[in-house]
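Structure assessment
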Amino acid sequence: MSKNFYITTPIYYPSAKPHMGHAYSSIIADFFARFKRIDGFNVHFLTGTDEHGLKIQRAAEKNNIDPLKFCDEISQTFKNLSKKLNLTNTDFIRTTEKRHKDSVQFIWKELEKNDDIYLSKYSGWYSVSDEAFYNEDEIEEDNGIKIASVSKSPVEWMDEESFFFRLSKWEKPLLEFYKNNPDFIQPESRKNEVISFVENGLKDLSVSRKSFSWGIKVPNNDDHVIYVWLDALTNYISALNYPNKNDELFKRFWPASIHLIGKDILRFHAIYWPAFLLAAKIELPKKVYGHGWILSGDEKMSKSKGNILDPIEIVDKYGIDPLRYYLVKEVSFGNDGNISQKRLEDCINSDLANNYGNLCQRTVSFVLKNCDKKVPETINFKDEDMKILNKFSINIENIRSQIDKQNINYYINFIVDSLFDANKYFNDQEPWKKKDDQTRLNTIIYTTLEIIRKISFMLYPIIPETSLKALNIFNIKEDDIIFSTISNHEYLKPGLEIKSINILFKKIEKEND
Ligand code: MSP
């Protein structure tokens, strides 16, 4: 089985203020990337910025700045955000880079060569905000303004010469592909939406624009720029040095293991992208997962709606790990999720400070006082110890397969339950009353330390900074974290020095508490 894993986030439209929806997509992708890494995979994790199109051209004009300069500045805010969120992306692509432009022009020529492109005229609705075309039945009116029903963004009428991609030709092959690859579109509910959209008939797609210039030129025709979605989607392979299919990166990481995206851009990823790839005779990615939205009240959080929760402010106030933990745990993955600072604070106080922080703190204090500051020797496991330890070894394969199904809820619930069990075990076993039975005391402490280690390994993809602080008790470093070792119940070497630990999470004083 291949041990390569290629995960992508969408490339973001450069907007001056990235919001929590952007942060969410990236943090979840980072969770998978880190998990796969500690499970022995070579991981390629791509993110970046989507810098062409009328939307960006207009934004630059509004700011009276050259579009490339505008993108240079704003792309940097996304790079900074990646650092702030502690992402481990292995590449950051900008669609204004040469490697990308060359690759897009190459794919265009492939489509042309295979007779998938023809010149005609487009008359219809276009939303600049979504950079998407809409049919008449997808439009509604709001206070006299025409908007796209699905996104509520304003649309404008477009009437111009355009190159078309023969999307209709790929209707049957796509349906066939979905049938043969039932996991390609996830979650299940979204898959059905896509299939019924395709079954209703696909029209050819306008893939060039003549009325503005901020984009990649159509090869041999300087009057047209390539449609920004054909441009943007190609980033997933231009980052692997396509068209050089013999390049190490391409050979190793294509087809992508998963394109992680928000549900609003599923149509582009699950219909247009595979159709372009089929037409260009390139293998299709293994999976497209459309996650839900971060809501503010009942609405999608977005810049145009002015209801943004700023991830930078939240990280500055609470730290990155609480935010990462909160988003992973509280937004049921796949569904929409409403977030609030109050619930974030509850999470910090109960799960992180009480359940995890406290367990580490009290166990280490006990070892420092009663076990000569060392992992105890002379251990004799009993049933009650094995029961709690075995939960990890028995479930290891299940955890892996749930991760492969993007069942993050299972993963986090496993951790939450394990923390609950570990605290209960420590309380029930009362090691402080076993001072006259050294072997029993040693065994309880050894078991608890082992569980702290296992849980910290599992927490690493979610709260990397804190998990490493906790693992420092055992002098365990990042490169030592190997997921498979959670089934080894004698990982910790007796006699190993135990280091002291600072408070992992400070409890938040709440006004009405
Ligand atoms: N540029 C395109 C993607 C091109 S990929 C070839 C784009 N950019 S975006 O900046 O508008 O959105 C980037 C990602 O953030 C998308 O996956 C989108 O679904 C996600 N989110 C934007 N707002 C969101 C929420 N409020 N909640 C969760 N994710 C949402 O689309």
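This one's a predicted model, so the numbers in the text were calculated from it and none came from an experiment.

Criteria and thresholds
- Throughout this description, residue numbers start from 1 for each chain and increase along the sequence as written.
- Whole-chain, interface and lining totals are the exception, using all residues; otherwise, since this is a predicted model, local features are given only for residues with pLDDT of at least 70 and side-chain atom pairs are given and counted only at 80 or more.
- Processing note: side-chain calculations cover all non-hydrogen atoms of the structure and skip hydrogens and water entirely.
- In this analysis the probe radius is 1.4 Å and the grid spacing 1 Å, with only protein atoms considered; a cavity is a set of points the probe fits into but cannot get out of, a pocket is an open set with protein on both sides within 12 Å along at least five of seven lines, and lining residues have an atom within 4 Å of a point.
- Grid points are joined across faces, edges and corners, and a volume is the space filled by probe spheres set on the points.
- Only DSSP runs of H or I with at least four residues qualify as helices, and only runs of E with at least two residues qualify as strands; both kinds are numbered from the N terminus onward.
- We call Asp, Glu, Lys and Arg charged. Ala, Val, Leu, Ile, Met, Phe, Trp, Tyr, Cys and Pro are nonpolar, and the rest, Gly among them, are polar.
- Domain delimitation follows an automatic or database domain assignment.
- Any residue with at least one heavy atom within 4 Å of a molecule or strand is counted as near it.
- We call two N or O atoms a polar contact when they sit within 3.5 Å, provided that within protein one can donate a hydrogen and the other can accept it, with sequence-adjacent residues counted only if both atoms are side-chain atoms.
- Throughout, the Shrake-Rupley method with a 1.4 Å probe supplies accessible areas, and for residues the shown protein chains are the sole cover considered.
- For every element, the axis is a line fit to its C-alpha atoms; helices are fit only across the contacting stretch, and the angle between N-to-C directions ranges from 0 to 180 degrees.
- Any angle that is under 35 degrees is reported as roughly parallel, and any over 145 degrees as roughly antiparallel; angles of 65 to 115 degrees are reported as roughly perpendicular and all others as oblique.
- Handedness of a crossing follows from how the near helix is turned relative to the far one, being left-handed for an anticlockwise turn of less than a right angle and right-handed for a clockwise one.
- Two residues qualify as a contact provided that any one of their heavy atoms is within 4.5 Å of a heavy atom in the partner residue.
- Paired strands are those between which DSSP finds at least two bridges.
- With a 1.4 Å probe rolled over the protein chains alone, any residue whose accessible area is under 20% of its type maximum counts as buried; one over 50% counts as exposed, and the rest are partly exposed.
- By definition here, a salt bridge exists when the distance from a side-chain nitrogen of Lys or Arg to a carboxyl oxygen of Asp or Glu is within 4 Å.
- In this description, the term disulfide denotes a pair of cysteine sulfurs within 2.5 Å.

Bringing empty space enclosed by the protein into the picture now. Following the criterion strictly, the structure yields two cavities of 30 Å³ or more and no others. If you add up the space inside the largest cavity, you get close to 50 Å³. Lining the largest cavity we find Y12, S26, T47, F78, L81, S82, L87 and F92. Looking at which element gives the most residues to the lining of the largest cavity, the answer is helix α3 (residues 67-84), with three residues. Of the residues assigned to the lining of the largest cavity, the class counts are five nonpolar, three polar and no charged. M20, L309, I314, L323, Y326, I339, S340, Q341 and L344 together form the lining of the second largest cavity. When residues of the lining of the second largest cavity are traced back to their parent elements, those giving at least two are α12 (320-330) and α13 (341-370). Looking at the lining of the second largest cavity, its residues break down into seven nonpolar, two polar and no charged.

Another aspect to go through is the layout of surface pockets. Volume-wise, the second largest pocket comes out at about 740 Å³. Top element by residues in the lining of the second largest pocket is helix α14 (residues 383-404). It accounts for four residues. Taken together, the residues that form the lining of the second largest pocket break down as 15 nonpolar, eight polar and ten charged. Domain assignment of the residues forming the lining of the second largest pocket places at least three in each of domain 1 (3-337) and domain 2 (341-487).

Around the ligand, the surrounding shell holds 25 residues, and the nearest of these are I11, D50, G262, D264 and I294. One of the backbone N or O atoms of G21 is found 3.5 Å from a nitrogen atom in the ligand. In the complex, the protein chains occlude 96% of the 660 Å² of accessible area that the ligand would expose alone. Contributing elements (two or more residues each) for the shell around the ligand: α1 (20-38), α7 (228-233), α8 (235-238) and β14 (258-262). Residue composition of the shell around the ligand, by class: 13 nonpolar, nine polar and three charged.

Interaxial distance between α13 and helix α15 (residues 408-429) falls to 10 Å at its minimum, and their mutual angle equals 45 degrees. On the basis of the axis angle, α13 is oblique to α15. The two elements α13 and α15 cross, and the hand of that crossing is left-handed. Here α13 contributes D351, N355, Y356, L359, R362 and T363 to the contact with α15, which in turn contributes V416, L419, A422, N423, F426 and N427. Taken together, the residues of the contact of α13 with α15 sort by class into six nonpolar, four polar and two charged.

The three strands lie next to each other as β11-β13-β12, forming an open sheet whose pairing is antiparallel. In the strand order of this sheet, the two ends are held by β11 (208-209) and β12 (217-218), each with one partner. Pairing analysis gives two bridges linking β12 to strand β13 (residues 221-226), with the strands arranged antiparallel. When the sheet's bridge partners are listed, V218 is paired in β13 with N221.

Most of β14 is tucked away: five of the five residues are buried. Across the two faces of β14 the burial is the same, with I258, L260 and G262 and H259 and I261 all buried. Looking at chain direction, β14 and strand β15 (residues 288-291) are connected through four bridges and run parallel. By the bridge assignment, L260 is partnered in β15 with Y289.

By the element assignment, T443 lies in helix α16 (residues 438-459). The class of T443 is buried, set by a relative accessible area of 0%. Those residues in contact with T443, other than ones at most four positions away along the chain, are T378, I379, N380, F381, D385 and Y425.

Position of Q402 relative to the elements: it lies in helix α14. Residues within four places of Q402 in sequence aside, it is in contact with N407 and Y410.

For the rest of this paragraph, the subject is the pattern of salt bridges. Tallied over the full model, the rule gives 37 salt bridges. R400 is the partner of D39 in a salt bridge, and the nearest nitrogen-oxygen pair spans 2.8 Å. Taken together, the residues D39 in the loop between α1 and β2 (42-49) and R400 in helix α14 connect sequence positions 361 residues apart. In this structure, D351 and K329 form a salt bridge, with 3.0 Å as the shortest nitrogen-oxygen distance. With a gap of 22 residues between them, D351 in helix α13 and K329 in helix α12 connect regions that are remote in the sequence. For K329, a relative accessible area of 23% gives the class partly exposed.

Our next topic: the environment of K146. Considering the arrangement of structural elements, one finds K146 in strand β7 (residues 145-148). When the C-alpha atoms of K146 and S208 are compared, they prove to be 23 Å apart, with 62 residues separating the residues in sequence. Looking at K146, its side chain comes within polar contact range of the side chain of E141, at 3.4 Å.

A complete count under the given rule lists zero disulfides for this structure. The thiol of C371 is not disulfide-bonded; the next cysteine sulfur, from C360, is found 16 Å away. A relative accessible area of 8% places C371 in the buried class.

This part is about the sheet that holds strand β5 (residues 132-134). What the four strands build is an open sheet, ordered β5-β4-β8-β10; its pairing is antiparallel. Since the sheet does not close on itself, it has two edges, and those belong to β5 and β10 (205-206), each with one partner. One ladder, built from ten bridges, connects strand β4 (residues 117-127) with strand β8 (residues 156-165); its direction is antiparallel. Of the residues in β8, the one forming a bridge with Y122 is E160. Taken strand by strand, helix α10 (residues 266-279) contacts β5, β8 and β10, and its axis lies near 30 degrees from that of β8.

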